[in-house]
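Fold and geometry: a report
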Amino acid sequence: FSDDIFDISAKFKFLMLGICAVVAVWVIGPVTQMPFGFSVYELPYWAGFLGSFLWLFTVTNIINFMDGSNGLMLTVMSIATGALAVIGLNTGGNESIMLCLILLAGMIGLMPYNVRPQAKIFTGDVGSLTVGFVFAVAVLWFCREGANSVPVYIGPLLILPFLTDGLLTMLMRVRNGERLMTAHKRHLYQRMITAGFSHMNVALIYSVISLIIAVFVVWSAGRGVHQFISFLILPVLTATLIWVWAGRKFS
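Every value quoted in this text rests on a predicted model; they were computed, and no experiment measured them.

1. Thoughts on the nonpolar core
Core analysis: the biggest nonpolar cluster contains 64 residues, and F135, F162 and Y206 have the highest contact counts within it. No other element matches the 10 residues that helix α4 (residues 72–91) contributes to this core. In contact with Y206, other than residues within four places in its own chain, are M66, L72, V76, P161, F162, D165, L188, Y189 and M192.

What follows is the structure, given as structure tokens:
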């Protein structure tokens, strides 16, 4: 909220988000188990804490980066949040389900004013940062509640379109020697809008992809496939190839 009003510096905002992430991991507890086929690898506490912190910090900022087109963030995150709640119903994740439902209610309530060609209300940093942080916290809590099934890969896959676009765009900018703190329009969804796609078309394309991924994740989680590394690698490779192809098309 302060960032929307006063436009605080990026360094100060990252510091505050980092503190929030540390507190959240400390309260909930870090993820220290990584599934690999029929085995589960136990991570040292410090490694689990660092990984959980990076998950919270990265997702919060990525969702903020991807909130630059009407309806895009709300539709994609509503699908991801709803899918996480459905999976939680099958695994008994009470606290994570409650967080998902509260977050989903807020996003649905905002949709009539934001998911439209001429948005009447923008989510702003107060909306996108909150959505990203609460979703990341819900996933972390979900992993702690479902320790027996080790659902570590579920959260990243549910927001794979955003993670792919956000992280690969950052990697591309670093490779080109650009400063990450400066404003830009290099995300794939931004290049699509520049190429002539409307905001609603961009939101629709990302939402369809998100829905396909959500159905795949829900189906896989119900059959225990989510514990295999291929459950994560194959969609990630597919999303990366699509991003590279589309990036060249809309360069």
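2. Considerations on the confidence of the model for the protein chain
A low pLDDT score tells you not to read the predicted coordinates there in detail. Predicted confidence across the protein chain gives a mean pLDDT of 90, with 97% of residues reaching 70 or more. When pLDDT is averaged over each helix and strand of the protein chain, the minimum, 80, is found for strand β1 (residues 33–36) and the maximum, 95, for helix α3 (residues 45–65).

3. With respect to the environment of L237
For L237, the location among the structural elements is in helix α11 (residues 230–249). Sequence spacing of L237 and Q118 is 119 residues, and the spatial spacing of their C-alpha atoms is 35 Å.

4. Let's talk about the environment of K185
In this fold, K185 is placed in the loop between α8 (160–175) and α9 (188–194). You can call K185 exposed: its relative accessible area is 64%. Sequence-wise, K185 and T169 are 16 residues apart; in three dimensions their C-alpha atoms are separated by 9.8 Å.

5. Remarks on the packing of aromatic side chains
Considering all chains together, one arrives at 6 aromatic pairs under this definition. Ring plane angle 20° and centroid distance 5.5 Å describe the contact between F216 and F231, whose orientation is recorded as stacked. In this pair, F216 sits in helix α10 (residues 199–222) while F231 sits in helix α11, placing the two residues 15 residues apart along the sequence. Owing to a relative accessible area of 2%, F231 belongs among the buried residues under this scheme. Taken together, the aromatic side chains of F14, F53 and F57 make up a single cluster linked through ring pairs.

6. Some remarks on unusual backbone geometry
Generally, phi is negative for residues other than glycine and the peptide bonds are trans, each holding for most cases. With a phi angle near 55°, D7 is a residue other than glycine that sits in the positive phi range. As for its position among the elements, D7 is in the loop between α1 (2–6) and α2 (10–28). Classification of D7 by relative accessible area gives exposed; the value is 63%.

7. Some words on the pattern of salt bridges
Applying the stated criterion across every chain yields a total of 3 salt bridges. A salt bridge links D3 to K13; the shortest N-O distance between them is 3.1 Å. Residue D3 is located in helix α1, and its partner K13 is located in helix α2; the two are separated by 10 residues in the primary sequence. The network of salt bridges with common partners includes R173, E178 and R186.

8. Describing the environment of P235
In this structure, P235 sits in helix α11. Sequence spacing of P235 and L157 is 78 residues, and the spatial spacing of their C-alpha atoms is 7.7 Å. Setting aside residues up to four positions removed in sequence, P235 forms contacts with L157, L160, F216 and S230.

9. Brief notes about a nonpolar patch on the surface
There is a patch of nonpolar side chains on the surface, built from F12, L15, M16, I19, V23, W26 and V27 and spanning about 710 Å² of accessible area. Locating M16 in the fold gives a position in helix α2. Exposure remark for M16: the relative accessible area of 34% places this residue in the partly exposed category.

So, how was this worked out
Residues numbered from 1 in each chain as written. Predicted model: local features only at pLDDT ≥ 70, side-chain atom pairs only at ≥ 80, totals over all residues. Heavy atoms only, no water. Core = buried A, V, L, I, M, F, W, Y, C linked by side-chain atoms within 4.5 Å. Buried < 20%, exposed > 50% of the residue type's maximum accessible area, 1.4 Å probe, protein only. Helix = DSSP H or I, 4+ residues; strand = E, 2+ residues; numbered from the N terminus. Contact = heavy atoms within 4.5 Å. pLDDT = per-residue confidence, 0-100. Phe/Tyr/Trp six-rings, centres within 6.5 Å; stacked < 30°, edge-to-face > 60°. Salt bridge = Lys/Arg side-chain N within 4 Å of Asp/Glu carboxyl O. Patch = residues over 30% accessible without salt bridge, like charges linked within 9 Å, V, L, I, M, F, W, Y side chains within 5 Å. Areas by Shrake-Rupley, 256 points an atom, 1.4 Å probe, with all protein chains shown as cover.

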